[in-house]
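Here is what each chain is made of, one letter per residue.
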Amino acid sequence: RELPSMARLGGVVVLDYGSQYTQLIARRARELHIYSEIIPGDAPLARVKALEPRSVILSGGPHSVSQIAAQGPSPVPAVHRRG
């Protein structure tokens, strides 16, 4: 069921890069009564902005820490600049 747009504003976006903990992270936020939405790590910035999150969580997979950083996943650079 779709939540009213005001219920989504100010929530958390979890950018999923293949972590086994992504669902757990989102569930913990919801348990704290914080709206959370999981979207793919390569989602367009427009999709992230449309949710107007107060916070963005990067949830990476094992390859993001075990390989050279340049080879691991990276979010859209504008996500970092949003501040």
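As a starting point, this report considers the structure included with it. This is a predicted model, so every value here is computed, not measured. The numbers attached to residues start from 1 for each chain and follow its sequence in the written order. Under the rules for a predicted model, residues below a pLDDT of 70 receive no local features and side-chain atom pairs below 80 are neither given nor counted, while totals for whole chains, interfaces and linings still include all residues. Hydrogens and water are ignored here; the side-chain numbers use all heavy atoms of the structure.

### Topic: the overall build of the protein chain
- Looking only at helices and strands, the protein chain has five helices and three strands in total.
- Listed N to C, the secondary structure of the protein chain is α-β-α-β-α-β-α-α in terms of helices and strands.
- Between buried and exposed lies partly exposed: a residue is buried under 20% and exposed over 50% of the maximum accessible area for its type, with that area taken using a 1.4 Å probe on protein chains only. Relative to its full complement of 83 residues, the protein chain shows a buried share of 30%.
- Long-range contacts, defined here as pairs at least 24 residues apart, represent 70% of the contacts in the protein chain between residues at least 6 apart. Secondary structure elements are taken from DSSP: a helix is a run of H or I of four residues or more, a strand is a run of E of two residues or more, and numbering for both begins at the N terminus. Here, two residues are considered to be in contact whenever any of their heavy atoms come within 4.5 Å of each other.

### Describing the nonpolar core
- Among buried residues, those of type Ala, Val, Leu, Ile, Met, Phe, Trp, Tyr and Cys that are joined through side-chain atoms within 4.5 Å constitute a nonpolar core. In this structure, Val13, Leu15, Tyr17, Ile39, Ala43, Leu45, Val48 and Leu51 together form the largest nonpolar core, which totals eight residues.
- Listing elements by their share of this core, those giving two or more residues are strand S1 (12-17) and helix H3 (45-51).

### Notes on unusual backbone geometry
- Backbone geometry places His33, a non-glycine residue, at a positive phi of 65 degrees.
- According to the relative accessible area criterion, His33 is exposed, its value standing at 75%.
- For Glu52, which is not glycine, the phi dihedral falls at a positive 45 degrees.
- Inspection of the secondary structure puts Glu52 in the loop between H3 and strand S3 (55-60).

### With respect to the environment of Val14
- Within the secondary structure layout, Val14 lies in strand S1.
- Exposure remark for Val14: the relative accessible area of 0% places this residue in the buried category.
- A C-alpha to C-alpha distance of 9.8 Å links Val14 and Pro53, two positions 39 residues apart in sequence.
- If sequence neighbours within four positions are ignored, Val14 has contacts with Thr22, Ile25, Ala26, Glu37, Ile38, Ile39, Ile57 and Ser59.

### A word on the sheet that holds strand S2 (residues 36-40)
- Each pair of strands is called paired provided DSSP finds at least two bridges between the two strands. Spatial ordering of the open sheet is given by S2-S1-S3, a layout of three strands whose pairing is parallel. The outermost strands of the open sheet, each flanked by one partner alone, are S2 and S3. Each neighbouring strand pair of the sheet contributes to a mean axis angle of 25 degrees, computed without reference to strand direction.
- Relative to S2, S1 runs parallel, the two sharing five bridges. Residue pairing across strands places Val14 opposite Ile38, the latter belonging to S2.
- Axis definition: a line fitted to C-alpha atoms, over the contacting stretch in the case of helices. Angles run 0 to 180 degrees between N-to-C directions. Along the sheet, helix H2 (residues 22-31) contacts S1, S2 and S3; its crossing angle with S2, the most-contacted strand, is approximately 160 degrees.

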